[in-house]
Structures are given as structure tokens and as C-alpha cells.
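# Overview (structure and organization)
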Amino acid sequence: MTSLEDASGRLPTRQDRDPTEVREAGPTPEADRLARAALTRVLEPGDEVAGAWLRRMGPVALWRSLLGDGDPPEGAGEAKIAGLRLRAEAVSPEADLAAATALDGRFVCPGDEEWPHQLNDLGDARPVGLWVRGRANLRLWALRSVALVGARACTEYGAHVAGTLGAGLAERGWSVVSGAAYGVDGAAHRGTLAAGGPTVAVLASGVDHIYPSGHTELIGRIAEQGLIVAELPPGAHPTPSRFIQRNRVIAALTRGTVVVEAALRSGSLATARRAAELGRFTMGVPGPITSGLSAGVHQLLRGEAVLVAHADEVVELVGSIGDLAPVPRGPVLARDLLDPVATRLLEALPLRGAKGASEIARDTGTALETTQAKLFELQALGFVQRCGTRWELLSGAHSTGGYRRGGP
């Protein structure tokens, strides 16, 4: 037992802690963990001012200060400190940790083996800690992860694309991270789960608070097969500002962010732009130019984002050297394999009617002997036929995949 913990192992409150005893002992890892767990209930996610206090003072000293056992953080406003201290009075980190354990969850702190180091790129906006449900190791899954985000009120096209991308990334061994919201988020999670792949849902609430309620079954499946992650402790409810701050975690946690559908005012665009600020890859899936739900994506594509249409193209950007997407090609037609002279002779024949060999030679500027040899070659290949001393096209010889000379 340390001077920061009583016989029960809990972090003492303002009422039962001896301030002199606290100052004489250095914090232990367990005291740090308890203090960080407590701070997740007191501090709002993404609060950079509080994050700077945490960086300078450490979790135990900051928690002690918010309990009134020490001087307030340097430069702290009286109103803010008063509000935080009011919150701190009712906090029980031991109860929150026990609630997480009952959910088969845990609290992951900076410095833990499971902590994803890329979150440190957020600086003072870095999460105090993360509450996690699921069996997998968050750090390992995040090493090969992509965020799929987009509109809540997405179209059938958007849902199809998100599900297909999720499944495709899963088949290539990549984790899919999203926010478990309606629309694109839900489709991305479902596509990944259907392919048996790893998926991570980052919530704007506690890991035990299902939001939206219509995704109760989906979030339950993610908890069983994937990971549920939240900055807020068990029982915490989402708010609009917490959704916005949740997006920064999605951006920082992953190698890149793909926006499937997004209007000009969309939280998904904020996620993508935060990813770009952090040096992550930013990608967008184009949609119809007449769709308002693709207008935001198109705006991204005119700037910092890269156009992607398939999982292979996403992996080419975020993956290792050599993870190249196949080059898309149209169908290869038989006439594409002809040499240039044979192609020129074939094009000199009329669509209807026939020509003599000498006429074809003259029109193409080819020697008569070469012309005759190539015409017999084209006959053997089934492109032309001989009618006495003249030559004509066989049916379909000028087909180019639906187009003919002069237009469709």
C-alpha cells in the first residue's frame, strides 16, 4: 500500500486524504491510473488547457489539485477550476474501474503496452486515457487501421460503398475504425464484421452507453468480435461537443481516413481534415455531382484528399511499399492484338462492300506483296474473307466493344 492509496486500494478523496502525507511520496503507476480514471470523468475530451496542466503536473498532482489538496494549476481561471472541483467531489474512479471490469473491459493509459502511440500526435488534446471493451489488443489493431466515415443519412450507394470497402479492407488484414453511427459508420462496421475482420467503434459516450439505441445489436456484435473505445467513463452520455472531439481520436488512431459520403457541413469532413493535419492520409469516394451528400467529398477531392474507389486503392496509400492496386483496364479485344500494318489494312476496308488488294495497298500506302500477305493472315484470324479477287470484312470485325467508326 502506498501513501496515495488506503487499505482498500482506492484513491483517497479530499475528505479522507492527509495532504502532507501525499506530498511526501511519489506517485505509483497504480496511483497514476486511478488519477487518470478520475480525470476522465472530470475533464472534457479534447480540452487542451487541461491537457497542458496534465502534461506539466502529472495526473496525481492535477487530481489532487482539483480536489482542493493543492494549489490550482498555473494560469487556471477561477470559474473553470470551481466547475471542475464541483465535478471532482462526486467522482469514484474505483467504481468506474469496477464497472468497466464487469463489462469485460479495461482502462488503458499512456505508458501501457496497449496504448496506441499515434494518439500522442494530438499533443495536449491527447486523451487522458481510453476505456476499452473487447479482447483484442488496441495498439496492435491500430497499427494497420483505416477510418471509414461519412453521412448518417447516407444513400443506398453510400451504404453499399462503405460496406464493400469495410469487407475489402478486412480481407486484406486491415482494421476498420468508425463511430458506430447510423449511415456510413454502421455500414462500414457491418461490412467488416461480415468479412470476419477487425473493427473498432469509437464512441462519444461511455463504453456501456449504447448510442444510437438503434445500433444496440451492432454495438453488441462489435464488443464481441471487435473493440469498443471511449474517452468517457462508464455511464457517460454523448453531447454534440463530445461527438466532435470523438472524431479527433478516430483521425489520430488510424493510418488514413476515407470519407464515403458527406455534405458540405459534415463532421466527417472535420475528421478528414484533422487526419490531414496529423499527417495521415485523407481519401474520398466520389459520388454523383447532383448529390448534396457527395458535395463535401468532392470539395475534399479538389484539395487535400486522394480519390479512391476500391479497398486496393486505399491499401496502396496506407500500406507498405509494394502494396500496389491493380491498374484498371478495359476489356482486350481480338483486334487490339493485331500489329500496326494489319490494323491499318483492316481499317481501310469498308463496313459494306469489298475492295481489291491493289486498292487497299494504295489507300494504306503499303507494298502490294505485304498487303496480300497480311490479308491472308487476317483471313486466317477470321477478320476478312475473299470474294474472288476482292476482300471484305466479316461480320463484327470492326467491333470495338460497343463503338464503331464515326461514333456509337
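Residues numbered from 1 in each chain as written. Predicted model: local features only at pLDDT ≥ 70, side-chain atom pairs only at ≥ 80, totals over all residues. Heavy atoms only, no water.

### Remarks on the overall build of the chain
- Assigned secondary structure in the chain consists of 17 helices and 12 strands.
- In the chain, which comprises 408 residues, the share counted as buried stands at 49%.
- For the chain, long-range pairs separated by at least 24 residues make up 69% of all intrachain contacts whose partners lie at least 6 apart in sequence. (Helix = DSSP H or I, 4+ residues; strand = E, 2+ residues; numbered from the N terminus. Buried < 20%, exposed > 50% of the residue type's maximum accessible area, 1.4 Å probe, protein only. Contact = heavy atoms within 4.5 Å.)

### Some remarks on the pattern of salt bridges
- Inspection of every chain in the model, using the stated rule, returns 19 salt bridges.
- Taking the shortest distance from any N to any O, the salt bridge between D96 and R41 comes out at 2.8 Å. A residue pair is termed long-range when its members are at least 10 positions apart, and D96 in helix α6 (residues 93-102) and R41 in helix α2 (residues 29-42) qualify at 55 residues.
- The exposure class assigned to R41 is partly exposed, which follows from its relative accessible area of 29%.
- A salt bridge links K374 to E377, with the shortest nitrogen-to-oxygen separation between them at 3.6 Å. Within this pair, K374 and its partner E377 are both found in helix α17 (residues 368-380), separated by three residues, close to a single helical turn.
- Residue K374 is classed as buried on the basis of its relative accessible area, which comes to 17%.
- When salt bridges that share partners are traced, they join E44, R87 and R242 into one network. (Salt bridge = Lys/Arg side-chain N within 4 Å of Asp/Glu carboxyl O.)

### Some points on the sheet that holds strand β1 (residues 105-108)
- Strand order across the open sheet formed by nine strands is β1-β2-β6-β5-β4-β3-β7-β8-β9, with mixed pairing between neighbours. A single partner strand is all that each edge strand has here, and the edge strands are β1 and β9 (306-307).
- The pairing of strand β5 (residues 199-203) with strand β6 (residues 227-230) spans four bridges and is classified as parallel. Bridge pairing in β6 links V202 to V229.
- Its contacts with the sheet put helix α12 (residues 267-277) on β3 (145-149), β7 (256-259) and β8 (281-284), and the angle it makes with β7 is roughly 150°. (Pairing = 2+ DSSP bridges. Axes fitted to C-alpha atoms, helices over the stretch in contact; angles between N-to-C directions.)

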